Amino acid sequence: MNTHAPHPVPPRTPQDTARLSAEAMWATDHASQGLGMELVAVGPGTATLSMTLTERMCNGFGMGHGGFIFALADSAFAFACNSYDERTVAAHCAVTYLRPGTRGKTLVATAREIARTGRSGIYDVEVSEDGVVIAQFRGHSRTIGGALIAPPPSAPESRDHTTTA
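For every chain, the first residue of the written sequence is number 1, and numbering continues from 1 along that sequence. A pLDDT threshold of at least 70 governs which residues receive local features in this predicted model, and a stricter bar of 80 or more applies before side-chain atom pairs are shown or counted, although totals over entire chains, interfaces and linings include all residues. Remark: hydrogens and water are excluded; side-chain values derive from all non-hydrogen atoms of the structure.

## Here's the deal with the packing of aromatic side chains
Here a Phe, Tyr or Trp ring, Trp counted by its six-membered ring, pairs with any other such ring whose centre lies within 6.5 Å, and the pair is stacked when the planes are under 30 degrees apart, edge-to-face when over 60, and tilted otherwise. What the rule picks out here adds up to four aromatic pairs. Taking the centre distance of 6.0 Å and the plane angle of 50° together, the rings of Trp 26 and Phe 79 count as tilted. Here Trp 26, found in helix H1 (residues 14-28), pairs with Phe 79, found in helix H3 (residues 66-81); they are 53 residues apart in sequence, far enough to count as distant. Classification of Phe 79 as buried rests on a relative accessible area of 2%. Three or more aromatic residues joined by ring pairs make a cluster, and in this case those are Phe 70, Phe 77, Tyr 123 and Phe 137. In this description a helix means any DSSP run of H or I spanning at least four residues, a strand means any run of E spanning at least two, and both kinds are numbered starting from the N terminus. Relative accessible area decides the class of each residue, using a 1.4 Å probe on protein chains only: under 20% of the type maximum gives buried, over 50% gives exposed, and in between gives partly exposed.

Structure representation (structure tokens):
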């Protein structure tokens, strides 16, 4: 009986790929982390992030500054379009503000894939506060190549073979 036979690695599910891609991105996403964002959920082509609007994130009118709301939506977009283990960046983004964000409230950005063909994708993100949508964001993505997830370690080589020098 060969006790050194490698165990077959089960295939990775799309949900596993999305989770591992998000973990790899989150590890070095100092911008999202620095703004106090939290990664709530991720799946193939989807992501949900949250962020509490602090006093430093409010504009001269005392409401959430649009740049911070955009940043939250952009981060949710990034995690959604990178959920396939392919490095993907924004090519174009637009936001429409519907209501002001309130200091001290937690905003939730939910991104979902609308279309993905070849190297291009379209994602919609809703940003809500207390269940009310305050901003709509649309992002166009472009895959630039390269993986996010490190490949699994290869099985150890068999000791039953010889090599020639």
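## Section: the side chain of Ser 83
Residue placement: Ser 83 occurs in the loop between H3 and strand E3 (88-97). The class for Ser 83 is buried, based on a relative accessible area of 1%. Within the local environment of Ser 83, its side chain forms a polar contact with the backbone nitrogen of Gly 45, the two atoms lying 2.7 Å apart. The definition of a polar contact used here is a pair of N or O atoms within 3.5 Å, where within protein one atom must be able to donate a hydrogen and the other to accept one, and adjacent residues in sequence count solely through side-chain atom pairs. A polar atom in the side chain of Ser 83 sits 2.7 Å from the backbone oxygen of Ala 80. Two residues qualify as a contact provided that any one of their heavy atoms is within 4.5 Å of a heavy atom in the partner residue. Ignoring anything within four residues of it in the chain, the contact list for Ser 83 reads Thr 17, Ala 18, Ser 21, Gly 43, Pro 44, Gly 45 and Thr 46.

## Some points on the nonpolar core
With 27 residues, the main nonpolar core has Leu 49, Leu 72, Leu 107, Val 125 and Val 127 as its most contacted residues. Per element, the largest residue contribution to this core is eight residues, and it comes from H3. With residues near it in sequence (within four places) discarded, Val 127 still touches Ile 69, Leu 72, Ala 73, Leu 107, Val 108, Ala 109, Val 132, Val 133, Ile 134 and Ala 135. Remark: nonpolar core denotes a set of buried residues (Ala, Val, Leu, Ile, Met, Phe, Trp, Tyr, Cys) joined through side-chain atoms within 4.5 Å.

## Let's talk about H3
Expected helix span is given by 1.5 Å per residue-to-residue step, counting one fewer step than there are residues. Helix length check: H3, at 16 residues, gives a terminal C-alpha distance of 22 Å against a target of 22 Å (1.5 Å per residue), a fit within 8%. Within the sequence span of H3, burial applies to Gly 66, Ile 69, Leu 72, Ala 73, Ser 75, Ala 76, Phe 77, Phe 79, Ala 80 and Cys 81.

## Re H1
For H1, which comprises 15 residues, the first-to-last C-alpha distance of 22 Å matches the rise-based estimate of 21 Å (1.5 Å per residue) to within 8%. Turning to H1, its buried residues number three or more, namely Thr 17, Ala 18, Ser 21, Ala 22 and Met 25. With its buried residues spanning 130° around the axis, H1 presents them on a single face. Packing partners of the buried residues in H1 comprise strand E1 (38-43) and H3. Note that the arc is defined by the directions from the helix axis to the C-beta atoms.

## Looking at the sheet that holds E3
Read across the sheet, six strands follow the order E1-E2-E4-E5-E6-E3 without closing on themselves; strand pairing throughout is antiparallel. Of all strands in the sheet, those bounded by a partner on one side alone are E1 and E3. Shown here is a sheet whose adjacent strand axes are inclined to one another by a mean of 20°, direction ignored. In this sheet, strand E6 (residues 132-143) lies alongside E3 in antiparallel orientation, the contact comprising nine bridges. Note on pairing: two strands pair once DSSP finds at least 2 bridges between them. Axes here mean lines fitted to C-alpha atoms, for a helix over just the part in contact, with angles spanning 0 to 180 degrees between N-to-C directions.

## Considering the confidence of the model for the protein chain
Here pLDDT means the predictor's own confidence in every residue, given as a number from 0 to 100. Looking at the protein chain, the pLDDT average stands at 91 and 86% of residues meet or exceed 70. Low confidence marks residues 158-165, where pLDDT is under 50. Its contacts with residues over four positions away, or in another chain, come to zero contacts.

## Observations regarding the environment of Ala 78
Tracing the chain through its elements places Ala 78 in helix H3. Taking the relative accessible area as the measure of exposure, Ala 78 reaches 22% and is therefore partly exposed. Each C-alpha atom of the pair Ala 78 and Ala 111 lies 8.9 Å from the other, and the pair is 33 residues apart in sequence.

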